[in-house]
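# Structural features, examined
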Amino acid sequence: MSPDAPLGRGPKVRTAVLAATVAELAELGYAGFAVDNVARRAGVHKTTVYRRWPDRDALIADALADSAAAEIPLPDTGSVEDDLRALARGLVAWVKSPGGQAVLAVMVSETAGSASPPTVVRHVFRDRIRQALPIVVRATERGELPAGTDPVELVKALVAPIYFRALITRERLTDATADSATRLALAGAHAGVFG
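Residues numbered from 1 in each chain as written. Predicted model: local features only at pLDDT ≥ 70, side-chain atom pairs only at ≥ 80, totals over all residues. Heavy atoms only, no water.

## Some words on the nonpolar core
Counting residues in hydrophobic clusters, the biggest one holds 58 residues, and the most contacted among them are Val-17 and Leu-59. Breaking this core down by element, the ones donating at least two residues are helix H1 (11–28), helix H2 (35–42), helix H4 (56–71), helix H5 (80–96), helix H6 (98–111), helix H7 (119–141), helix H8 (151–167) and helix H9 (175–190). In terms of residues, this core owes the most to one element, H5, which gives eight residues. Apart from the residues within four sequence positions on either side, Leu-59 is in contact with Val-17, Leu-18, Thr-21, Phe-33, Val-35, Val-38, Val-49 and Trp-53. (Core = buried A, V, L, I, M, F, W, Y, C linked by side-chain atoms within 4.5 Å. Buried < 20%, exposed > 50% of the residue type's maximum accessible area, 1.4 Å probe, protein only. Helix = DSSP H or I, 4+ residues; strand = E, 2+ residues; numbered from the N terminus. Contact = heavy atoms within 4.5 Å.)

## Some details on H8
Here H8 is 17 residues long and its end C-alpha atoms lie 24 Å apart, about the 24 Å a rise of 1.5 Å per residue gives. Of all the bends in H8, the largest measures some 30 degrees and sits at Val-159, one to four residues before the proline Pro-161. Of all the positions in H8, only Pro-151, Leu-154, Val-155, Leu-158, Val-159, Ile-162, Tyr-163 and Ala-166 are classed as buried. (Expected span 1.5 Å × (residues − 1). Bend = angle between axes of the 7 residues up to and from the residue.)

## Some remarks on H1
In this model H1 runs 25 Å from its N-terminal to its C-terminal C-alpha over 18 residues, within 8% of the 26 Å that 1.5 Å per residue would give. Within the sequence span of H1, burial applies to Val-13, Ala-16, Val-17, Leu-18, Ala-20, Thr-21, Val-22, Glu-24 and Leu-25. One or two residues past the end of H1 sits Gly-29, with phi positive at roughly 75 degrees.

## Regarding the packing of H1 against H4
In the contact formed by H1 and H4, the axes pass within 9 Å of each other and the chain directions differ by 95 degrees. Between H1 and H4, the crossing angle belongs to the class labelled roughly perpendicular. Contacts between H1 and H4 involve Arg-14, Val-17, Leu-18, Thr-21, Val-22 and Leu-25 from the former and Leu-59, Ile-60, Asp-62, Ala-63, Leu-64, Asp-66 and Ser-67 from the latter. For the contact of H1 with H4, the per-class residue count stands at eight nonpolar, two polar and three charged. (Axes fitted to C-alpha atoms, helices over the stretch in contact; angles between N-to-C directions. Parallel < 35°, antiparallel > 145°, perpendicular 65-115°, else oblique. Nonpolar A, V, L, I, M, F, W, Y, C, P; charged D, E, K, R; others polar.)

## Let's talk about the packing of aromatic side chains
For the structure shown, the criterion picks out zero aromatic pairs. Over the ring of Tyr-30 we find Arg-56, and its NZ or CZ is 4.2 Å from the ring centre. (Phe/Tyr/Trp six-rings, centres within 6.5 Å; stacked < 30°, edge-to-face > 60°. Lys NZ or Arg CZ within 6 Å of the ring centre and 35° of its normal.)

## Observations concerning unusual backbone geometry
Residues apart from glycine generally show negative phi values, whereas peptide bonds are mostly found in trans. The phi torsion at Arg-170 lies on the positive side, around 55 degrees, for a residue other than glycine. Take Arg-170: it is sitting in the loop between H8 and H9.

## Re the pattern of salt bridges
Inspection of every chain in the model, using the stated rule, returns 15 salt bridges. In this structure, Asp-36 and Lys-46 form a salt bridge, with 3.8 Å as the shortest nitrogen-oxygen distance. With Asp-36 in helix H2 and Lys-46 in helix H3 (residues 46–52), this residue pair connects regions lying ten residues apart in the sequence. The partner of Glu-144 in a salt bridge is Arg-142, and the shortest N-O contact between them spans 2.5 Å. Owing to a relative accessible area of 24%, Glu-144 belongs among the partly exposed residues under this scheme. (Salt bridge = Lys/Arg side-chain N within 4 Å of Asp/Glu carboxyl O.)

## Points about the side chain of Ser-79
Structurally, Ser-79 can be placed in the loop between H4 and H5. Setting aside its immediate chain neighbours within four residues, Ser-79 contacts Arg-142 and Glu-144.

## Observations regarding the environment of Glu-153
Here Glu-153 is to be found in helix H8. The class of Glu-153 is partly exposed, set by a relative accessible area of 35%. Remark: the alpha-carbon pair of Glu-153 and Ala-185, spanning 32 residues in sequence, is separated by 9.4 Å.

## Here's the deal with the packing of H5 against H9
Where H5 contacts H9, the two axes come as close as 8 Å, and the packing angle between them is 140 degrees. With respect to their mutual orientation, H5 and H9 come out oblique. Considering how the two elements wind past one another, H5 and H9 form a crossing that is right-handed. When H5 is examined against H9, the residues Val-80, Glu-81, Leu-84, Arg-85, Ala-88, Arg-89 and Val-92 are found in contact with a partner set consisting of Asp-175, Ala-178, Asp-179, Thr-182 and Leu-186. When its residues are assigned to classes, the contact of H5 with H9 shows six nonpolar, one polar and five charged. (Left-handed = near helix turned anticlockwise from the far one by under 90°.)

Structure, rendered in structure tokens:
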């Protein structure tokens, strides 16, 4: 969008800036990220960005959290297997999306020795895990999982194979990837591994 066509001050500005942030991260990673470039991509002045977000880390965290919240469903189907499968498939789809690619670019830049992403970016992951915990709690209450199943460990076990394939082995992610992660996490839960 051109800076000549002002967006105003409402939700459209926020949406444009967050989308530009994700695009900037996906393209340049954390080390190359610049608020000036985000403002240019969004078609706003950089003071507009700084008025809403005090620094680049706050902007990045908001953009990544917004992307994850919008693209990874937190299902409640009444079946733990269906819920975990939907969660895993949503994660696979998100990892392949611009928002997911931005997260991977940030995390890869850290492991490559570039400028480290802020701790607040890690909180995006922790917050998403926290939001998924009710899936496990509800399943335990329904008797689908053993009493005492640790929701945090089960959700981590579900998402770990997906991130491993995305970041380490660089495998193509598919619904089959998500389904396999679901089966593994459920097998561990039923065996009492997460209790």
